[in-house]
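# Overview (structure and organization)
Now for the letters of each chain:
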Amino acid sequence: ATYKIGYLVGSLASNSINRVLAQALMKVAPDDLEFTEIPIRDLPLYSSDYDSDYPPAGRALKDAIEASDGILIVSPEYNRSIPGGLKNAIDWGSRPWGTNSFARKPTGIIGASPGGIGTAVMQSSMRGVLSFLDAPQLNAPEAYIRFDPDAYGPNGEVKDEATEAFLRHYMDEYGAFVERVLSVGPGHIGDDH
Ligand code: FNR
């Protein structure tokens, strides 16, 4: 089977290291994963005023999440938390109430920063948000990437062997996780509580 993976890049920067990481992850991912970016840049700031008449950008985001078999979040850490633009997108996807698009979507969280914390605090915060939204998450391996610019080419070519092996292992495990969650089928996860 082929799995459709929608990925969100949490940075809007033109020189984003997380966009490079996303490209690297796609290059090393198993062949049965098919990637589509879910753009977050053009979303207005969410307000519940929109719930009665969701604008096209919000509708498109929800449609893209719902059309995905799995979600991959590749994001920087801002001030020890989730970048505002990404949190805004998640808020859009979670509403209107009762139509949370993230429910039961197998999700992976990964991110890069220049420093040693490697987005660990953002990821921890993101896990709380996605748990509330009932999105099953790949728990292990964790991937806190301290971005080494020498290890990547401009389009995400991975030049360092150990980095390549680490990212490949992450994506193998992510793919297996998506398959595992989907094999349970809709309407089963969580039905016992
Ligand atoms: C940062 N940066 C940062 N890094 C980190 O490891 N922990 C943090 O809490 C923060 N906080 C933070 C806040 C803001 C507003 C900015 C702009 C930056 C640094 C950040 O990791 C670095 O700029 C990365 O290059 C951002 O990722 P992208 O945009 O290159 O993908």
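None of these values were measured; they are calculated from a predicted model. (Residues numbered from 1 in each chain as written. Predicted model: local features only at pLDDT ≥ 70, side-chain atom pairs only at ≥ 80, totals over all residues.)

Let's shift gears to the overall build of the chain. Along the chain, the regular secondary structure elements total 5 helices and 5 strands. Each helix and strand of the chain, ordered N terminal to C terminal, gives the series β-α-β-α-β-α-β-α-β-α. Computed over C-alpha atoms, the radius of gyration of the chain comes to 16 Å, within 12% of the 16 Å expected from 2.2 N^0.38 for 193 residues, which places it in the range of a compact globule. For the C-alpha atoms alone, the extent of the chain along its principal axes is close to 50 × 35 × 25 Å. (Helix = DSSP H or I, 4+ residues; strand = E, 2+ residues; numbered from the N terminus. Rg over C-alpha atoms; globule rule 2.2 N^0.38 Å.)

The biggest cluster of nonpolar side chains holds 41 residues, and the ones touching the most others in it are Tyr 7, Leu 8, Leu 21, Leu 25 and Val 74. At the level of secondary structure, the elements contributing two or more residues to this core comprise β1 (3-9), α1 (17-28), α2 (56-66), β3 (70-74), α3 (84-94), β4 (107-113), α4 (120-132) and α5 (161-184). Setting aside its immediate chain neighbours within four residues, Tyr 7 contacts Ala 22, Phe 35, Glu 37, Ile 38, Leu 72 and Val 74. (Core = buried A, V, L, I, M, F, W, Y, C linked by C-beta atoms within 7 Å. Buried ≥ 20, exposed ≤ 12 C-beta atoms within 10 Å, placed from the backbone. Contact = placed C-beta atoms within 7 Å.)

Around the ligand, a shell composed of 14 residues is seen, among which Ser 11, Ser 16, Asn 18, Pro 76 and Ser 113 lie nearest. A breakdown of the residues in the shell around the ligand according to their chemical character gives 6 nonpolar, 6 polar and 2 charged. (Near = placed C-beta within 6 Å. Nonpolar A, V, L, I, M, F, W, Y, C, P; charged D, E, K, R; others polar.)

A word on unusual backbone geometry. The omega torsion of the bond from Arg 95 to Pro 96 falls at -10°, within 30 degrees of zero and hence cis. With respect to the element layout, Pro 96 can be found in the loop between α3 and β4. Between Ala 140 and Pro 141 the backbone carries a cis peptide bond, its omega angle lying at 5°. Position of Pro 141 relative to the elements: it lies in the loop between α4 and β5 (144-146). A positive phi angle, near 65°, is found at Arg 104, a position not held by glycine. Here Arg 104 lies in the loop between α3 and β4. Judged by the 18 C-beta atoms lying within 10 Å of it, Arg 104 falls in the partly exposed class. At Asp 134, a position not held by glycine, the phi torsion is positive, near 65°. For Asp 134, the position within the fold is in the loop between α4 and β5. Given 14 C-beta atoms within a 10 Å radius, Asp 134 is considered partly exposed.

In this model, the chain carries a mean pLDDT of 96, and residues with pLDDT of at least 70 account for 96%. When mean pLDDT is taken per element in the chain, β3 scores highest with 99 and α5 scores lowest with 97. As a predicted assembly, this complex carries a pTM of 0.96 together with an ipTM value of 0.99. (pLDDT = per-residue confidence, 0-100.)

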